[in-house]
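An overview of the molecular structure
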Amino acid sequence: MSYPPQPTPEQELAEAKRRLSLPHIVVICGSTRFMAEMNEADLRETAAGGIVVKPGCDMKSPHALWSDPVEAEALKARLHELHRAKIRLADEVLVVGDYIGDSTRAEIAYARSLGKAVRFTHPEVDPDA
């Protein structure tokens with residue numbers, strides 16, 4: 001007896017999003033030095049009807065949550081994993097800014113390894129172009 005192949009988690013997520021009639025989900029990636037540009041991209045993508053997820057913490061700006069260096073390192077690791085989850089959830093990645101650092105480069109590679117579409121506000125910085 002032959003059984004049909006089991007769907008992958010990615011296929012199950014895509015099917016659930018289709019059944020729920022969810023709009024296109026965009027995750028914004030880039031250096032937090034571009035937070036103002038990320039907010040503008042969020043506004044534009046939302047106005048176009050998309051669900052937008054983006055970095056929620058700008059650790060370059062002072063805040064009590066990351067004032068302790070040990071706690072800051074632990075938070076940074078949690079935020080890294082959280083952002084990877086946002087990439088898995090999204091249909092598309094929008095890279096904001098005219099600079100790509102190591103973290104953003106790794107996010108782009110991760111998204112592409114998952115078959116996610118990757119779009120750039122500054123296409124000239126695409127590491128694979």
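Before any of the text, the structure's been laid out above.
Owing to the predicted nature of the structure, the values given are computational and were not obtained by experimental measurement.

1. Things to note about the side chain of Lys86
- Turning to its location among the elements, Lys86 is positioned in helix α3 (residues 69-89).
- Within the buried set, Lys86 has no salt-bridge partner at all; the shortest N-O distance to an opposite charge, 9.4 Å, is to Glu107.
- Those residues in contact with Lys86, other than ones at most four positions away along the chain, are Val27, Val53, Lys54, Pro55 and Gly56.

2. Regarding the pairing of strand β3 (residues 92-95)
- What you see with β3 is no split at all: Glu92 and Leu94 on one side and Val93 and Val95 on the other are buried throughout.
- The pairing of strand β1 (residues 25-29) with β3 spans four bridges and is parallel. Residue pairing in the sheet places Val27 in a bridge with Val93 of β3.
- Bridge count between β3 and strand β4 (residues 117-120): four bridges; the pairing is parallel. When the bridges of β4 are listed, Val95 appears paired with Phe120.

3. Side note on the layout of surface pockets
- Here the largest pocket defines a volume of roughly 580 Å³.
- Lining the largest pocket are 21 residues; nearest its centre among them are Gly30, Thr32, Lys76, Ser103 and Glu107.
- Of all the secondary-structure elements, those providing two or more residues to the lining of the largest pocket are α3 and α4 (102-113).
- No other element matches α3, which puts six residues into the lining of the largest pocket.
- Its residues placed into classes, the lining of the largest pocket shows seven nonpolar, nine polar and five charged.

Conventions and cut-offs
- Residues numbered from 1 in each chain as written.
- Predicted model: local features only at pLDDT ≥ 70, side-chain atom pairs only at ≥ 80, totals over all residues.
- Heavy atoms only, no water.
- Helix = DSSP H or I, 4+ residues; strand = E, 2+ residues; numbered from the N terminus.
- Buried < 20%, exposed > 50% of the residue type's maximum accessible area, 1.4 Å probe, protein only.
- Lys, Arg positive; Asp, Glu negative; His and termini not counted.
- Salt bridge = Lys/Arg side-chain N within 4 Å of Asp/Glu carboxyl O.
- Contact = heavy atoms within 4.5 Å.
- Pairing = 2+ DSSP bridges.
- 1 Å grid on protein atoms, 1.4 Å probe; cavity = no way out; pocket = protein on both sides within 12 Å on 5 of 7 lines; lining within 4 Å.
- Points joined across faces, edges and corners; volume = space filled by probe spheres on them.
- Nonpolar A, V, L, I, M, F, W, Y, C, P; charged D, E, K, R; others polar.

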